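Summary of the model geometry
Residue strings, one per chain:
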Amino acid sequence: MPDGLRLVFTSSRDGGAGSLFWQAADGTGIAERLTESPNYQRPSAVLPDGIRVLFWEAGGKTADVMMLTLQKDRRVQALIQGPLLERNAEVSPDGQWLAYESNDSGQPQVFVRPFPDVNKEKIQVSTAGGVQPLWARNGEELFYVA
């Protein structure tokens, strides 16, 4: 989390394929379950506001980009869903762009979309494959593994 006090992680404790939990960063206290799903879930980023977590949820041969709101009434919202793999999303430091990887072209590529209106536009960033996008702290560069 941005304040450094908690970590969000995946665990299969309490059964299931792997749900989201959080716990104090120093390991004290009990891990609290944040989501419930029969599918595997993996966190990829915390938004700059510190109250939303991006994660991907895999079921069968697909994976979708999801967002969890960490307020009292925790809500899960699908951001990018499709018949293929969309995962490892990151929001730019200014909160305006969402970068993620998708294999909709036959191989993993990095794409960006406006955030929060992710359906407005889709721009391919990588040209010869790309995974695990990460924004520079200043938001002016986007790094990824080619």
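What comes next concerns the included structure. If you're wondering where the values come from, they're calculated on a predicted model, not measured in any experiment. (Residues numbered from 1 in each chain as written. Predicted model: local features only at pLDDT ≥ 70, side-chain atom pairs only at ≥ 80, totals over all residues. Heavy atoms only, no water.)

1. Let's talk about the sheet that holds strand 10 (residues 109–114)
Overall, antiparallel pairing links the four strands, which are arranged 8-9-10-11 in an open sheet. Each edge of the sheet is formed by a strand with only one pairing partner; in this case those strands are strand 8 (86–91) and strand 11 (123–124). Inspection of the sheet shows strand 10 paired to strand 11 by two bridges, in the antiparallel sense. When the bridges of strand 11 are listed, F111 appears paired with Q124. (Pairing = 2+ DSSP bridges. Helix = DSSP H or I, 4+ residues; strand = E, 2+ residues; numbered from the N terminus.)

2. Some points on the sheet that holds strand 1 (residues 6–11)
What the three strands build is an open sheet, ordered 1-2-3; its pairing is antiparallel. In this open sheet, the two strands that pair with only one neighbour each are strand 1 and strand 3 (32–33). For strand 1 and strand 2 (residues 19–24), the ladder comprises six bridges, and the chain directions are antiparallel. If you follow F9 over to strand 2, its bridge partner there is F21.

3. Some points on the side chain of S102
Position of S102 among the secondary structure elements: in strand 9 (residues 97–102). For S102, a relative accessible area of 3% translates into the label buried. Among the polar contacts made by the side chain of S102, one reaches the main-chain carbonyl oxygen of L85 at a distance of 3.4 Å. Setting aside chain neighbours within four positions, we find S102 in contact with L85, E86, Q107, P108, Q109 and F111. (Buried < 20%, exposed > 50% of the residue type's maximum accessible area, 1.4 Å probe, protein only. Polar contact = N/O pair within 3.5 Å; in protein donor to acceptor, adjacent residues only side chain to side chain. Contact = heavy atoms within 4.5 Å.)

4. Focus: the environment of E86
Inspection of the secondary structure puts E86 in strand 8. Given the relative accessible area of 7%, E86 is considered buried. Each C-alpha atom of the pair E86 and W56 lies 7.5 Å from the other, and the pair is 30 residues apart in sequence. Ignoring any residue separated from it by four or fewer positions in sequence, one finds E86 in contact with W56, A63, D64, V65, I80, Q81, Y100, E101 and S102.

5. Details of unusual backbone geometry
The omega angle of the peptide bond from F115 to P116 is 15°, so this bond is cis rather than trans. If you trace the backbone, P116 turns up in the loop between strand 10 and strand 11. Its identity as a non-glycine residue notwithstanding, N88 has a phi of 55°, on the positive side. Looking at where N88 falls in the secondary structure, it is placed in strand 8. On the basis of relative accessible area, N88 is assigned to the buried category, the value being 17%.

6. Observations concerning the side chain of R113
Among the structural elements, R113 can be located in strand 10. With no salt bridge to any partner, buried R113 finds its closest opposite charge in D104, at an N-O distance of 6.0 Å. Contacts of R113, omitting those with residues within four sequence positions, involve I80, Q96, W97, L98, Y100, V118, N119, E121 and K122. (Lys, Arg positive; Asp, Glu negative; His and termini not counted. Salt bridge = Lys/Arg side-chain N within 4 Å of Asp/Glu carboxyl O.)

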